[in-house]
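One-letter residues, chain by chain:
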Amino acid sequence: LILAGRNAIVSGFNNCLHSYLQSKYIGKIDAGPDSSINSIKSKAMDIIDLYELKNKNKLIDDLIDEYNPNGLGVLGIDAVIKALIRDQIRILIYDKNFSHTGYVCRNCNYLSTSPIESCPYCDGKLVYYNEIVDEIIENALDQGCEIVDIEENERFKKAGSIGAVLRYMYER
């Protein structure tokens, strides 16, 4: 929820909102009846972008600090692939600039970052891909996972640039 209006009025109006709406409130725009639609749109997009960035960074912090140490999260491409194969992923998180090579089974879409003779599930031939992250995302979407793309988060880059919040406990 974004409120728009004259600053003196909007500031006090937030307190009059129902508690449910207050929990959805993300910002305000100083605007009057003569404000252009494009100006209001631009200010609203800035508020939305800032809100989304804040939520994404909080998700990364939660993944690194809470979910991963407690077994409800994984970090790094090999751990993500293992969780994806087990259908454990609830939220897949990846850096938009992350790239990795890998192998994909032609028959069952099994994923691997290292070369193996044949697929351990169907004995099919694995094909080399110079970009396996797209295949990971596609498989995650097929499983109904939420996908979150991150950009410019140094802490996440140091943790492997890809991770996941799991649906159920990860076996180590």
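The structure this text deals with has already been given above.
This structure is a prediction, so every number in the text was calculated from the model and none was measured. (Residues numbered from 1 in each chain as written. Predicted model: local features only at pLDDT ≥ 70, side-chain atom pairs only at ≥ 80, totals over all residues. Heavy atoms only, no water.)

A.B. asks: Before we go on, may I ask you to explain the sheet that holds strand E7 (residues 126-129) in this structure?
C.D. replies: Adjacent strands of a sheet pair through backbone hydrogen bonds, lying either parallel or antiparallel. Judged by pairing direction, the sheet is antiparallel, and its three strands sit side by side in the order E6-E5-E7 without closing on themselves. With one partner strand each, in any of the chains shown, strand E6 (111-112) and E7 form the two edges of the open sheet. Pairing between strand E5 (residues 102-105) and E6: two bridges, direction antiparallel. Paired with Tyr103 across the bridge in E6 is Ser112. (Pairing = 2+ DSSP bridges. Helix = DSSP H or I, 4+ residues; strand = E, 2+ residues; numbered from the N terminus.)

A.B. asks: Can you help me understand the packing of aromatic side chains in this one?
C.D. replies: Aromatic rings considered in pairs are described by the distance between their centres and by the relative angle of their planes. Enumeration over the complete set of coordinates arrives at two aromatic pairs. Their ring planes at 65° and their centres at 5.5 Å tell us that Tyr103 and Tyr128 sit as a pair that is edge-to-face. Taken together, the positions of Tyr103 in strand E5 and Tyr128 in strand E7 put the pair 25 residues apart, joining distant regions of the chain. Centre to centre, the rings of Tyr110 and Tyr121 are 5.4 Å apart; their planes meet at 55°, and the pair counts as tilted. Here Tyr121 lies in the loop between E6 and E7 and Tyr110 lies in the loop between E5 and E6, a separation of 11 residues in the sequence. (Phe/Tyr/Trp six-rings, centres within 6.5 Å; stacked < 30°, edge-to-face > 60°.)

A.B. asks: Please clarify how the sheet that holds strand E3 (residues 73-75) should be interpreted in this entry.
C.D. replies: The strand order across the open sheet formed by four strands is E3-E9-E4-E8, and the pairing between neighbours is mixed. The open sheet has two edge strands, E3 and strand E8 (146-150), and neither has a second partner. Between one strand axis and the next, the sheet turns through 15° on average, direction left out of account. Here strand E4 (residues 89-95) pairs with E8 via five bridges, running parallel. From the neighbouring strand, Asp95 faces E8, where its bridge partner is Ile150. (Axes fitted to C-alpha atoms, helices over the stretch in contact; angles between N-to-C directions.)

A.B. asks: Is there a simple way to explain the nonpolar core in this structure?
C.D. replies: For soluble globular proteins, nonpolar side chains are generally found buried alongside one another. One finds Ile89, Leu92, Ile136 and Ile162 to be the most contacted residues of the largest nonpolar core, which totals 22 residues. At the level of secondary structure, the elements contributing two or more residues to this core comprise helix H4 (77-85), E4, helix H5 (133-142) and strand E9 (162-166). Tallying contributions element by element places H4 first for this core, with six residues. Beyond its immediate sequence surroundings of up to four residues, Ile136 is in contact with Ile77, Val80, Ile81, Leu84, Leu92, Leu111 and Ile162. (Core = buried A, V, L, I, M, F, W, Y, C linked by side-chain atoms within 4.5 Å. Buried < 20%, exposed > 50% of the residue type's maximum accessible area, 1.4 Å probe, protein only. Contact = heavy atoms within 4.5 Å.)

A.B. asks: Would you mind going over the pairing of strand E1 (residues 2-5) with me for this structure?
C.D. replies: Successive side chains on a regular strand alternate, one facing one side of the sheet and the next facing the other. Burial along E1 is one-sided: Leu3 and Gly5 are buried, and none of Ile2 and Ala4, which face the opposite way, are. Here E1 runs beside strand E2 (residues 27-30); their pairing, made up of four bridges, is parallel. What sits directly across from Ile2, in E2, is Gly27.

A.B. asks: Would you take a moment to explain the pairing of E9 for this structure?
C.D. replies: By the criterion of burial, E9 is predominantly enclosed, with five of the five residues buried. What you see with E9 is no split at all: Ile162, Ala164 and Leu166 on one side and Gly163 and Val165 on the other are buried throughout. Sheet topology places E3 next to E9; three bridges connect them, and they run antiparallel. In the sheet register, Gly73 faces E9, and the bridge partner there is Val165. Sheet topology note: the E4/E9 ladder contains five bridges and is antiparallel. Note that in E9 the partner of Ile89 across the bridge is Leu166.

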